[in-house]
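Overview (structure and organization)
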Amino acid sequence: MFKRLVQAGARAFLIAFLIAMPAVFLPGVTADGSQMIALLALVAAFLTFVEYVGDYPSFIEFRDAPPFNRLRFVALFVTVLALVLIWRQDVHPTRLGAALAGFGAGVGELLDFPYSPVRLMVLVADGDMGSERAEMVRIAAGLSYLVSLIAVLSFVVIVRVLHWPIRNGAFNFWVNLPLFDPTAGADILYRLRRDAHVNVALGFLLPFIIPAVMELASEMIDPLSLANAQTMIWTMSAWAFLPANLIMRGVALGRIAGLIEEKRRRAHAQADLQAA
């Protein structure tokens, strides 16, 4: 029980630190903004602690199927941290921040080709934004997209090579998919594969859809200014993380469907042998 409390507390602290990181390390945060961010961090930490300290699942998927959630958290944490360090170069220059800025500039230039997600996100940037800030958007978009690609490819390797999620024991369907009712609707294999295909398709399309939606929304309402540090960091992080998260979830559901199909095949073969 003590070990579970420590682990849940560590997860809650990391989630709170992730949410508060841009406000803590970047200048220009108002008092009202700080209070709102602190409240969001506390709420997220509390929900994470309650989820992981309990015996029964509530809403977090793949809770007992590492490293799915750990990989997602690391990808988002690395993205936010890298963008914070790059943006801090204006007020607190460091060698690490300079190296990340140079690397991000190279990645941004490489991925900024016609009709690419990075090019679309750069085009969404405010027209009156200076060249320096426009370059920051390119760097942030390229770096965020690269981290999301690495996360997706890493999870695919873990599934294919390390035989996730059964390498460390049996997979508990109810604990790891608490919101998925296996008894409702059509056959579970059909539903799992359908959801897997939908998640993967949305994951590939969202990096193109989100900039288009932002551009359309800017014509009807006041657009979000990507020149603001925290707005840019969270916008780019969400733009890259949400599609990667959907693709990883689709790959995971497809893997679970394959395991269930394999188990059914073995059960049918065993039943045929006993009947013979």
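Now for a look at the structure at hand.

Our next topic: helix 4 (residues 95-111). Between its first and last C-alpha atoms helix 4 spans 24 Å; for 17 residues at 1.5 Å apiece the expected length is 24 Å, and the two agree. Among the residues of helix 4, those classed as buried are Gly-97, Leu-100, Gly-104, Val-107, Gly-108 and Leu-111. Down the axis of helix 4, the smallest arc covering the buried residues is 100 degrees, so these residues share one side. Turned more than 90 degrees away from the buried face of helix 4, the exposed residues are Arg-95 and Leu-110.

For helix 5 (residues 117-124), the complete set of buried residues consists of Pro-117, Val-118, Met-121, Val-122 and Val-124. Along the long axis of helix 5, the arc covered by the buried residues comes to 155 degrees, so they all point the same way.

Applying the stated criterion across every chain, the model contains 11 salt bridges. Arg-119 is paired through a salt bridge with Asp-112; the nearest N and O atoms lie 2.5 Å apart. For Arg-119, a relative accessible area of 25% gives the class partly exposed. Here Glu-135 and Arg-138 are joined by a salt bridge, their closest N and O atoms 2.8 Å apart. Here Arg-138 and Glu-135 lie together in helix 6 (residues 131-161), a separation of three residues that amounts to about one turn. Looking at Glu-135, the relative accessible area reads 25%, which means it is partly exposed. Linked by salt bridges that have partners in common, Asp-112, Arg-119, Glu-135 and Arg-138 make up one network.

Scanning all chains against the criterion turns up one cavity of 30 Å³ or more. In this structure, the largest cavity is lined by Ala-75, Leu-76, Thr-79, Ser-144, Val-147, Ser-148, Ser-237, Ala-240 and Phe-241. Broken down by secondary-structure element, the contributors of at least two residues to the lining of the largest cavity are helix 3 (68-87), helix 6 and helix 9 (229-275). Among the residues making up the lining of the largest cavity, the classes are represented as five nonpolar, four polar and no charged.

Further remarks concern the layout of surface pockets. Within this model, the largest pocket holds a volume of roughly 1,100 Å³. As for the largest pocket, its lining consists of 33 residues, of which Ile-15, Thr-48, Tyr-52, Ile-60 and Asn-69 are closest to the centre. Elements represented by at least two residues in the lining of the largest pocket include exactly helix 1 (2-25), helix 2 (31-53), helix 3 and helix 9. Its residues assigned to classes, the lining of the largest pocket shows 19 nonpolar, six polar and eight charged. Considered as a void within the structure, the second largest pocket measures approximately 280 Å³ in volume. Every residue along the wall of the second largest pocket is listed here: Ile-166, Phe-171, Phe-173, Arg-255, Ile-256, Leu-259, Ile-260, Glu-262, Lys-263 and Arg-266. Take the lining of the second largest pocket: its biggest share by element is seven residues, from helix 9. Looking at the lining of the second largest pocket residue by residue, the classes come out as six nonpolar, no polar and four charged.

Reading the values: rules and limits
- Residues numbered from 1 in each chain as written.
- Predicted model: local features only at pLDDT ≥ 70, side-chain atom pairs only at ≥ 80, totals over all residues.
- Heavy atoms only, no water.
- Helix = DSSP H or I, 4+ residues; strand = E, 2+ residues; numbered from the N terminus.
- Expected span 1.5 Å × (residues − 1).
- Buried < 20%, exposed > 50% of the residue type's maximum accessible area, 1.4 Å probe, protein only.
- Arc of directions from axis to C-beta.
- Salt bridge = Lys/Arg side-chain N within 4 Å of Asp/Glu carboxyl O.
- 1 Å grid on protein atoms, 1.4 Å probe; cavity = no way out; pocket = protein on both sides within 12 Å on 5 of 7 lines; lining within 4 Å.
- Points joined across faces, edges and corners; volume = space filled by probe spheres on them.
- Nonpolar A, V, L, I, M, F, W, Y, C, P; charged D, E, K, R; others polar.

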